[in-house]
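Listed below, chain by chain, are the residues.
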Amino acid sequence: MEDSSTRTVVITGGSRGIGRCIALKFSDEKANIVLVHYDPDESAAQETLDLLDGKGIQAESHKVDVSSFSHVDKLFAQIVDSYGKVDVLVNNAGITRDTLLMRMEEKDWDAVVNVNLKSVFNCTHAVIRPMIKRRSGWIVNISSVVGQIGNIGQANYSASKAGIMGFTKTVAREVASRGIRVNAVAPGFIETDMTASLPEKVREKFLEQIPLGRMGKPEEVAEVVYWLCSEGSSYLTGQVIHVNGGLYM
Ligand code: NAP
């Protein structure tokens, strides 16, 4: 019989990178884990499920485009049906379509803003009523250092990540009295598929600007996300926590 204190954690973009590490971190407390991803190639999601396998927890993945309001709504209804509740939502799914503004096409803007920012609205909207009813919940939105400081070639991405910061603060104010905490984490330059394709020159330029002198590991972001959903951070809401090796202070 499952203990009712077992948390159900939904992680968008949980198939790889930072999202996979967040899932592994939550598996330590034996939470139920629901991963959301979108690539028709399910191999990364399956690899994450394999890593979670054997930890004695319930874990599953769903192939859903988080930028679709109706599909997200359906998915969360299904999750609440299966698990009875969502305790933790980590809005982590994200993409880039980098190019200078003068070359940026409408589709590059729309794709990035829809997947990175609209998805945060979609998923939060889908969980907020049941969380308010239960007077309990944790939401962590994954922003980025470039939402704070900007970055050449990332007008779409930095706008989406800055939007997440404003959204986080507003929703935090709206639901604080209902026992729900909403925070954001803004990673710097982290070793994942997203940064693997960057040209060596860009990588070196970034590294020169990081006081700690190295890229971050996805596990280092996952630690902070987990902490934001734990008692240790009980007096924090509406905050943006920067995990960037000092790149932005
Ligand atoms: P990643 O390795 O590229 O993984 C991205 C994840 O998002 C994958 O699980 C992917 O699943 C999922 N995803 C993409 N589009 C989706 C969609 N439409 N619907 C559902 N899921 C979708 O990225 P990451 O580096 O771990 O980044 C995770 C988050 O951290 C992102 O929000 C990113 O912007 C942010 N971030 C990353 C860095 C960094 O340096 N890596 C820095 C700052 C912020 P599929 O492959 O199955 O589609």
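Calculation notes
- Residues numbered from 1 in each chain as written.
- Predicted model: local features only at pLDDT ≥ 70, side-chain atom pairs only at ≥ 80, totals over all residues.
- Heavy atoms only, no water.
- Helix = DSSP H or I, 4+ residues; strand = E, 2+ residues; numbered from the N terminus.
- Expected span 1.5 Å × (residues − 1).
- Buried < 20%, exposed > 50% of the residue type's maximum accessible area, 1.4 Å probe, protein only.
- Contact = heavy atoms within 4.5 Å.
- Near = heavy atom within 4 Å.
- Polar contact = N/O pair within 3.5 Å; in protein donor to acceptor, adjacent residues only side chain to side chain.
- Areas by Shrake-Rupley, 256 points an atom, 1.4 Å probe, with all protein chains shown as cover.
- Nonpolar A, V, L, I, M, F, W, Y, C, P; charged D, E, K, R; others polar.
- Phe/Tyr/Trp six-rings, centres within 6.5 Å; stacked < 30°, edge-to-face > 60°.
- Lys NZ or Arg CZ within 6 Å of the ring centre and 35° of its normal.

Novice: Tell me what's going on with helix α6 (residues 155-175), and back it up with residues and numbers.
Specialist: The terminal C-alpha atoms of α6 lie 30 Å apart, and with 21 residues this matches the ideal 30 Å at 1.5 Å per residue to within 8%. Taken as a whole, α6 has its buried residues at N156, Y157, S158, S160, K161, I164, M165, F167, T168, V171, A172 and V175. Against the buried residues of α6 lie α4 (106-134), β5 (137-142), α5 (146-149), β6 (180-187), α7 (193-196) and β7 (240-243).

Novice: Lay out the site of the ligand in plain terms, naming residues and giving numbers.
Specialist: Close contacts around the ligand come from 30 residues, with S15, H37, N92, Y157 and T192 the closest. Y38 is positioned with one of its backbone polar atoms (N or O) 3.0 Å from an oxygen atom of the ligand. Contact between the ligand and K161: an oxygen atom at 2.8 Å from a side-chain N or O atom of the residue. Bound to the protein, the ligand loses 94% of the 900 Å² it would expose on its own. Listed by contribution, the elements that provide at least two residues to the shell around the ligand are α1 (17-27), α6 and α7. Considering each element in turn, the shell around the ligand owes the most residues, three residues, to α7. Split by residue class, the shell around the ligand holds 13 nonpolar, 12 polar and five charged.

Novice: Account for unusual backbone geometry, with residues named and values stated.
Specialist: The backbone of K30 shows a phi angle near 65°, a positive value even though the residue is not glycine. Structurally, the position occupied by K30 is in the loop between α1 and β2 (32-37). The backbone of R135 sits at a positive phi, close to 55°, despite the residue not being glycine. Structurally, R135 can be placed in the loop between α4 and β5. You can call R135 exposed: its relative accessible area is 52%.

Novice: So what's going on with the side chain of S233? Residues and values would help.
Specialist: Inspection of the secondary structure assignment puts S233 in the loop between α9 (218-228) and β7. For S233, a relative accessible area of 0% corresponds to the buried category. Here W227 takes part through its backbone oxygen, which lies 2.8 Å from a polar atom of the side chain of S233.

Novice: Lay out the packing of aromatic side chains in plain terms, naming residues and giving numbers.
Specialist: As enumerated under the stated definition, the model contains three aromatic pairs in all. Measuring from centroid to centroid gives 4.8 Å for F26 and Y226, while their planes differ by 65°, and the two rings are edge-to-face. One end of the pair, F26, is in helix α1; the other, Y226, is in helix α9, and 200 residues separate them in sequence. Owing to a relative accessible area of 19%, Y226 belongs among the buried residues under this scheme. Seen from the ring of Y226, K25 lies directly overhead, with NZ or CZ sitting 5.5 Å from the centre.

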